[in-house]
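# Overview (structure and organization)
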Amino acid sequence: ICAHEPLAGRLAHANHFLDPDRLGIWQPIVEERRSTYHRCDRMERLLADAGAHGPIAGETLHAVLRDHDEHPDSICRHPNQAVPATERYQTVASIVMDLHAAKMYAAAGPPCTHPYEEHRL
């Protein structure tokens, strides 16, 4: 079993394997999809900054997921008009879960333009 442990109680991920060598796999990522590494690193930095003085509030998590650093290939991803339409990606949903409170907050689309709605688990 291969597990990835949280750092300081936080775990961020994007659309790539965090440790492909440990899994014994090769992960082909074409150049235009390399932004997955930036998004993951950016999320880890924002979460570390936000959690430096205690628990991270839900609204802070929403703000992290709305981040546009390196737009359009940001955490809140938007279609990159520089690539063919068939190769464009965007955030289609964003979810934050509070397992202690049994609540989930979901944005049905890019969270910068779609509000998070609360759902009971």
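Data block above holds the structure.
Below: a short report on this structure. (Residues numbered from 1 in each chain as written. Predicted model: local features only at pLDDT ≥ 70, side-chain atom pairs only at ≥ 80, totals over all residues. Heavy atoms only, no water.)

The helix and strand tally for the chain stands at 3 helices and 3 strands. Ordered by position from N to C terminus, the α and β elements of the chain give α-α-α-β-β-β. The burial tally for the chain puts 31% of its 121 residues in the buried class. Considering only contacts in the chain between residues 6 or more positions apart, those separated by 24 or more positions represent 31%. Accessible surface, the chain as shown: approximately 8200 Å² in total, 54% of it carbon and sulfur. (Helix = DSSP H or I, 4+ residues; strand = E, 2+ residues; numbered from the N terminus. Buried < 20%, exposed > 50% of the residue type's maximum accessible area, 1.4 Å probe, protein only. Contact = heavy atoms within 4.5 Å. Areas by Shrake-Rupley, 256 points an atom, 1.4 Å probe, with all protein chains shown as cover.)

Here we take up the nonpolar core. Formed by Ala-12, Met-43, Leu-46, Leu-47, Val-64, Leu-65, Ile-75, Val-96, Tyr-105, Ala-107 and Tyr-116, the largest nonpolar core amounts to 11 residues. Within the residue set of this core, elements represented by two or more residues are helix H2 (35-50), helix H3 (58-65) and strand S2 (103-107). Per-element tally for this core: the top contributor is H2, with 3 residues. Beyond its immediate sequence surroundings of up to four residues, Leu-65 is in contact with Met-43, Ile-75, Cys-76, Ser-94, Ile-95, Val-96, Pro-111 and Tyr-116. (Core = buried A, V, L, I, M, F, W, Y, C linked by side-chain atoms within 4.5 Å.)

Bridge count between strand S1 (residues 94-98) and S2: 5 bridges; the pairing is antiparallel. If you follow Ser-94 over to S2, its bridge partner there is Ala-107. (Pairing = 2+ DSSP bridges.)

This part takes up a nonpolar patch on the surface. Where nonpolar side chains cluster on the molecular surface, the patch consists of Ile-95, Met-97, Leu-99 and Leu-121 and spans about 450 Å² of accessible area. Note on placement: Leu-121 falls in the segment after strand S3 (117-120). (Patch = residues over 30% accessible without salt bridge, like charges linked within 9 Å, V, L, I, M, F, W, Y side chains within 5 Å. Salt bridge = Lys/Arg side-chain N within 4 Å of Asp/Glu carboxyl O.)

Here 3 strands make up an open sheet; going across it, the order is S1-S2-S3 and the pairing antiparallel. Since the sheet does not close on itself, it has two edges, and those belong to S1 and S3, each with one partner. On average, adjacent strands in this sheet sit at an angle of 25° to one another, irrespective of strand direction. Where H3 meets the sheet, it contacts S1 and S2, and its direction lies at approximately 160° from that of S1. (Axes fitted to C-alpha atoms, helices over the stretch in contact; angles between N-to-C directions.)

Enumeration over the complete set of coordinates arrives at 4 salt bridges. With a shortest N-O distance of 3.8 Å, Lys-103 and Glu-118 are connected by a salt bridge. With Lys-103 in strand S2 and Glu-118 in strand S3, the pair connects residues that are 15 residues apart, well separated along the chain. According to the relative accessible area criterion, Lys-103 is buried, its value standing at 19%. Through salt bridges that share partners, Arg-42, Asp-67 and Asp-69 make up one connected network.

The next point concerns the environment of Ile-75. Considering the arrangement of structural elements, one finds Ile-75 in the loop between H3 and S1. Distance in space between the C-alpha atoms of Ile-75 and Thr-91 is 8.2 Å, their sequence separation being 16 residues. When near neighbours in sequence (up to four residues on either side) are disregarded, Ile-75 contacts Arg-39, Arg-42, Met-43, Leu-46, Val-64, Leu-65, Asp-67 and Thr-91.

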